[in-house]
Amino acid sequence: MYNKKTTLDAQPSAHLSQEIEGSVQGHRDGHGFIIRDDGEGDIYIPPNEMRAVLHKDRVRVRIVRQDRRGRPEGRVVEIIERPPQPIIGRLLQESGVWLVAPEDKRYGQDVLIPRGATGAAKPGQVVVVELTEPPALFGQPVGRITEVLGEVDDPGMEIEIAVRKYGVPHEFSADCLAQAKELPDKVRAQDKKRRVDLTDVPLVTIDGEDARDFDDAVYCEPAKVGRGKGWRLLVAIADVSHYVETGSAIDIDAYDRATSVYFPRRVIPMLPEKLSNGLCSLNPEVERLCMVCDMLITAKGEVHAYQFYPAVMFSHARFTYTEVAAILANTRGPEASKRKARVKDLLHLHDVYRALLVARQSRGAVDFETTETQIVCDENGRIEKIVPRTRNDAHKLIEEAMLAANVCSADFIAQGGQPGLFRVHEGPTPEKQEILRNYLKAMAVGMTIGDDPKPAEFQAIAEATKERPDAQQIHTMLLRSMQQAIYTPVNSGHFGLAFEAYTHFTSPIRRYPDLLVHRVIKAILGKTQYRLPSLPTPGEAHAKLAKRLAARAATPGAKPRKDVKAPSRDTLAWEAAGLHCSANERRADEASRDVEAWLKCKYMREHLGEEFSGVVSAATSFGIFVTLDAMYVEGLVHITELGGEYFKFDEARQELRGERTGIRYAIGARVRVQVSRVDLDGRKIDFRLVREGEELLGRALKDKGVAAEGAGGGARQAGSRAGGRKSGKGLAPSATEQAGLSRERAARSPIQSLKASVKKAAAGKSSKGKARKPRRG
């Protein structure tokens, strides 16, 4: 094995700049970048410097020059740390030499495998390699095979690769499995003590057709609220904390995972299956333990009062979203006739949903309608089709009920005076605010955001522009200006949902922060203090996110945090737990995206040379990304495929513009493309524009300075049109720009997290669980 630290430049010259620490990010073309710890711009590392380092290494570099574009170029002077990182790749034999070609091309070198270190692997198989010798300036890295995953075309291979590539824990510890085995198969008499009996309340679950674990159940009935009419809304959530004790073997494994990871056809659960699909899942017609948020909702959709209490429930039905939507649309239809006993309850749920919807609109929460997709696979794990996932009233109904319960849990924890994890979503950074203002001005929107933006301003812009031909482009820019939500004990509110306090309470089977929230609520109810256990040291993902957040907090002009006092030891522990959960949430998203990209690439290999219509989903300095209408697959049209002229990227308008013809490509432009190349290893799909006749160029030249007719038919873009041409040379992108875009796209917050919401419940609750009037202000 090798030492952690290696000095590459023992005698620094006086004229060289100060040394900077950061992490190596390799590039498939052989060069790399240093992602600086201080959050400043990346440092370019040439291929000859990359020979002695690996992707993810922690290094110290010195800036030695700037290239003609002003980008800093560095020299590695010391390798600070080489984190243990298994490399996944295919075993090859060339001229009698065994080597593994990494599947992740950011590892720029093949790994040599000595004859006795191949194990049972055969040529062409996908294997996992542990390094035994690091790379050097004049030598390749050496390793040994520790695991054989199988053939590259085996069903599910893309998932086996992703979980190892991103370090997703996919095997429970022996202690965890042994402890799960000892748990009962059903609710016992002793488990029901000191719980409210809700078995006679017709709570039901509403989930997707393919759901296997059921976190939440709901029930609603009309009720008198104050002096007016309203509803009593019950949200019952699986009581995972009753079975998963703090610091137990199951708890440690759950914390390590932090979240369930969802892939097409497979889920890697946070909890063992006996809990996630059995004892904790609110399956129909069996008793289950739950934590209940019992709310009184006014006719205006405001939470008048609420209370939390542990209970035992009996799910009276397992509904699907499709089934509920059909019943709500036709209460005398075939679906309703099968569920006569529950139709009235569903109508009450729909009534309270509409009231909550009114409250959301009056609050000004951000609500952009977007198209989400679902990958449908065959028995071998290959894509059969990609279909849009439509959100009906049943989806929105459950979403609003869950948001109401989450708001109440945040308020309850805040009033209880104990630390816990809030779900915080801060407003746009000053830099993103300025970019958005310039964009809105350039697009002649006629509205903008203030110096201290409010979500209502974003929603007002979205409403005012929803009928414009370029509405998709404007709404995309509004979304991209926002930050990612994180878990933290410091409550800064939720910008997108327009809540003063918000947390996650409704999914403890699949999210560890929800489990912690349940424990804190129980501690407040029991007048005790919940303390975090001694949990494993957070990993690499945690460290990266912590540095990124620290850099963001240090940004000039950034909104100051509300916690002005020095954080206590307890607060620091909760900060660490929040960072860990946030980082592993991103890890799960990255692994899922990687698998989806693999599947889409394999899918599109069968369509090479075929033509499709699509819409521009992003414009960059090196080309445009196009999403196909029929396939919902995104690919790149490189700038060299846009035509024989110089194209300039307009950051304010977020578009590419041809200087000679005036042709413009912006988000939302209609185009027609041909699938020209599919790179499975790089997870990339390349398109080229298909030009239909000479009208495009003629119109562009005639109306120079106004966007030209699009190749796919020409949807108008705010009084202009977008389109393109097929061949010729253009301005190639810089490697820094490509890497920056890749990281930005990977870091997008899930659009679903900015969806519909419910009025902030500023309500109070006594420790005995009795509802009282909410506090004001």
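Residues numbered from 1 in each chain as written. Predicted model: local features only at pLDDT ≥ 70, side-chain atom pairs only at ≥ 80, totals over all residues. Heavy atoms only, no water.

Quick look at the overall build of the protein
Then step 1. Counting its secondary structure elements, the protein contains 17 helices and 34 strands.
Then step 2. Across the protein, every contact between residues at least 6 apart in sequence was considered, and the portion connecting residues at least 24 apart equals 70%.
Then step 3. Of the roughly 34300 Å² of accessible surface on the protein, a fraction of 48% belongs to carbon and sulfur atoms. (Helix = DSSP H or I, 4+ residues; strand = E, 2+ residues; numbered from the N terminus. Contact = heavy atoms within 4.5 Å. Areas by Shrake-Rupley, 256 points an atom, 1.4 Å probe, with all protein chains shown as cover.)

Describing helix α6 (residues 321-329)
Then step 1. Within α6 the residues assigned to the buried category are Tyr321, Glu323, Val324, Ile327 and Leu328. Along the long axis of α6, the arc covered by the buried residues comes to 165 degrees, so they all point the same way. (Buried < 20%, exposed > 50% of the residue type's maximum accessible area, 1.4 Å probe, protein only. Arc of directions from axis to C-beta.)

Some points on helix α12 (residues 471-480)
Then step 1. In terms of burial, α12 is largely enclosed, as 8 of its 10 residues are buried.
Then step 2. The complete set of buried residues in α12 reads Ala471, Gln473, Ile474, His475, Thr476, Met477, Leu478 and Leu479.

So, the side chain of Lys165
Then step 1. As for its position among the elements, Lys165 is in helix α2 (residues 157-165).
Then step 2. Look at Lys165 and you get buried, because its relative accessible area is 14%.
Then step 3. Reaching out from Lys165, the side chain makes a polar contact with the side chain of Asp594 at a distance of 3.1 Å.
Then step 4. Here Lys165 is in contact with Lys56, Ile88, Glu103, Asp104, Arg106, Asp594 and Arg683, once residues within four sequence places are set aside. (Polar contact = N/O pair within 3.5 Å; in protein donor to acceptor, adjacent residues only side chain to side chain.)

Here's the deal with the packing of α6 against helix α8 (residues 340-363)
Then step 1. As a packed pair, α6 and α8 sit with axes 10 Å apart at the nearest point and diverge in direction by 90 degrees. Judged on the interaxial angle alone, α8 and α6 are roughly perpendicular. Across from Val324, Ile327 and Leu328 in α6, the residues of α8 making contact are Val343, Leu346, Leu347 and His350.
Then step 2. Tallied by class, residues from the contact of α6 with α8 come to 6 nonpolar, 1 polar and no charged. (Axes fitted to C-alpha atoms, helices over the stretch in contact; angles between N-to-C directions. Parallel < 35°, antiparallel > 145°, perpendicular 65-115°, else oblique. Nonpolar A, V, L, I, M, F, W, Y, C, P; charged D, E, K, R; others polar.)

Description of the pattern of salt bridges
Then step 1. Applying the stated criterion across every chain yields a total of 47 salt bridges.
Then step 2. Where Glu585 meets Arg423, a salt bridge forms, and the shortest distance between an N and an O atom there is 2.9 Å. Remark: Arg423 occurs in strand β23 (residues 422-424) and Glu585 occurs in helix α15 (residues 569-605); sequence separation between them is 162 residues. The pair Glu585 / Arg423 is uniform in exposure class, with both members buried.
Then step 3. Ionic pairing is found between Lys454 and Asp452, a salt bridge with its closest N-O pair at 3.2 Å.
Then step 4. A relative accessible area of 48% means that Asp452 is categorised as partly exposed.
Then step 5. In this structure, a network of salt bridges that share partners links the residues Glu19, Glu21, Asp37, Arg58, Arg60, Arg62 and Glu78. (Salt bridge = Lys/Arg side-chain N within 4 Å of Asp/Glu carboxyl O.)

Side note on the confidence of the model for the protein
A low pLDDT means the predicted coordinates there should not be read in detail.
Then step 1. Of the residues in the protein, 82% have a pLDDT of 70 or more, and the chain-wide mean is 82.
Then step 2. When the criterion is pLDDT under 50, residues 1-16 qualifies, and its contacts beyond four places in sequence or with other chains add up to 31 contacts. (pLDDT = per-residue confidence, 0-100.)

Points about the packing of helix α4 (residues 249-257) against α15
Then step 1. Close contact between α4 and α15 brings their axes to 8 Å; oriented N to C, the two are set at 60 degrees. The orientation of α4 relative to α15 falls into the category oblique. When α4 is examined against α15, the residues Tyr255, Asp256 and Arg257 are found in contact with a partner set consisting of Ala576, Ala577, His580, Asn584 and Arg587.
Then step 2. Classifying every residue of the contact of α4 with α15 gives 3 nonpolar, 2 polar and 3 charged.

Quick notes on the packing of aromatic side chains
Then step 1. Considering all chains together, one arrives at 11 aromatic pairs under this definition.
Then step 2. Summarising the aromatic geometry, the rings of Phe308 and Phe505 are spaced 5.3 Å apart at their centres and angled 75 degrees between planes, so their arrangement reads as edge-to-face. Pair noted here: Phe308 is in strand β19 (residues 303-314) and Phe505 is in the loop between β24 (486-488) and α13 (512-525), with a separation of 197 residues, a long-range link. Here Phe308 and Phe505 have matching classes, each one buried.
Then step 3. A centroid spacing of 5.5 Å and a plane angle of 15 degrees characterise the contact between Phe499 and Tyr502, whose relative ring orientation is stacked. Tyr502 matches Phe499 in its accessibility class, with the two residues each being buried.
Then step 4. Linked through ring pairs, Tyr306, Phe308, Phe412 and Phe505 together constitute an aromatic cluster.
Then step 5. Over the face of the ring belonging to Phe172 we find Arg257, whose NZ or CZ atom lies 3.7 Å from the ring centre. (Phe/Tyr/Trp six-rings, centres within 6.5 Å; stacked < 30°, edge-to-face > 60°. Lys NZ or Arg CZ within 6 Å of the ring centre and 35° of its normal.)

Let's talk about the sheet that holds strand β30 (residues 664-666)
Paired through their backbone hydrogen bonds, the strands of a sheet run either parallel or antiparallel.
Then step 1. The strand order β28-β29-β30 describes an open sheet built from 3 strands, whose pairing is antiparallel. Edge strands, defined here as strands with exactly one partner in the open sheet, are β28 (647-650) and β30. Going from strand to strand, the sheet's axes swing by 20 degrees on average, the running direction of each strand aside.
Then step 2. Summarising the sheet, β28 and strand β29 (residues 655-658) pair through 4 bridges and their orientation is antiparallel. Its bridge partner being in β29, Phe647 is matched across the sheet by Gly658. (Pairing = 2+ DSSP bridges.)

Describing the pairing of strand β26 (residues 623-628)
Then step 1. Burial analysis of β26 places 5 of its 6 residues in the buried class, the great majority of the element.
Then step 2. Note: strand β25 (residues 611-620) against β26, 6 bridges, orientation antiparallel. Counterpart to Val615 in the pairing with β26 is Thr627.
Then step 3. Here β25 hands over to β26 after 2 residues, the two strands then running antiparallel side by side.
Then step 4. Both β26 and strand β27 (residues 634-638) contribute to a ladder of 5 bridges, which runs antiparallel. For Thr627, the partnering residue across the bridge sits in β27 and is Glu634.
Then step 5. If you look at the hairpin formed by β26 and β27, you'll find 5 residues sitting between the two strands, and Tyr632 has a positive phi there, around 60 degrees.

So, the pairing of strand β21 (residues 372-377)
Then step 1. Relative to strand β22 (residues 383-389), β21 is paired through 6 bridges, and the arrangement is antiparallel. Residue pairing for β22: Cys377 is matched across the bridge by Ile383.

Concerning the sheet that holds strand β32 (residues 684-689)
Then step 1. Read around the closed barrel, 5 strands run β25-β26-β27-β32-β31, paired in mixed fashion. Looking at each pair of strands side by side, their axes are set apart by 50 degrees on average, direction ignored.
Then step 2. Sheet topology note: the strand β31 (residues 670-679)/β32 ladder contains 6 bridges and is antiparallel. Paired with Val678 across the two strands is Ile685, which belongs to β32.
Then step 3. Across the sheet, α15 lies against β25, β26, β31 and β32, angled at about 100 degrees from β31, the strand it touches most.

Observations concerning unusual backbone geometry
Then step 1. Its identity as a non-glycine residue notwithstanding, Ser95 has a phi of 55 degrees, on the positive side.
Then step 2. Following the sequence through the fold, Ser95 ends up in the loop between β7 (87-94) and β8 (97-102).
Then step 3. With a phi angle near 70 degrees, Ala258 is a residue other than glycine that sits in the positive phi range.
Then step 4. With respect to the element layout, Ala258 can be found in the loop between α4 and β16 (261-263).
Then step 5. We classify Ala258 as buried; its relative accessible area is 2%.

As for the environment of Ala576
Then step 1. Mapped onto the elements of the fold, Ala576 is located in helix α15.
Then step 2. The class for Ala576 is partly exposed, based on a relative accessible area of 25%.
Then step 3. On a C-alpha basis, the gap between Ala576 and Tyr487 in space is 9.8 Å, while along the polypeptide they are 89 residues apart.

A closer look at the environment of Arg164
Then step 1. Structurally, Arg164 is set in helix α2.
Then step 2. Taking the C-alpha atoms as reference points, Arg164 and Ala591, separated by 427 residues in sequence, lie 9.3 Å from one another.
Then step 3. Within the local environment of Arg164, its side chain forms a polar contact with the side chain of Glu160, the two groups lying 2.8 Å apart.

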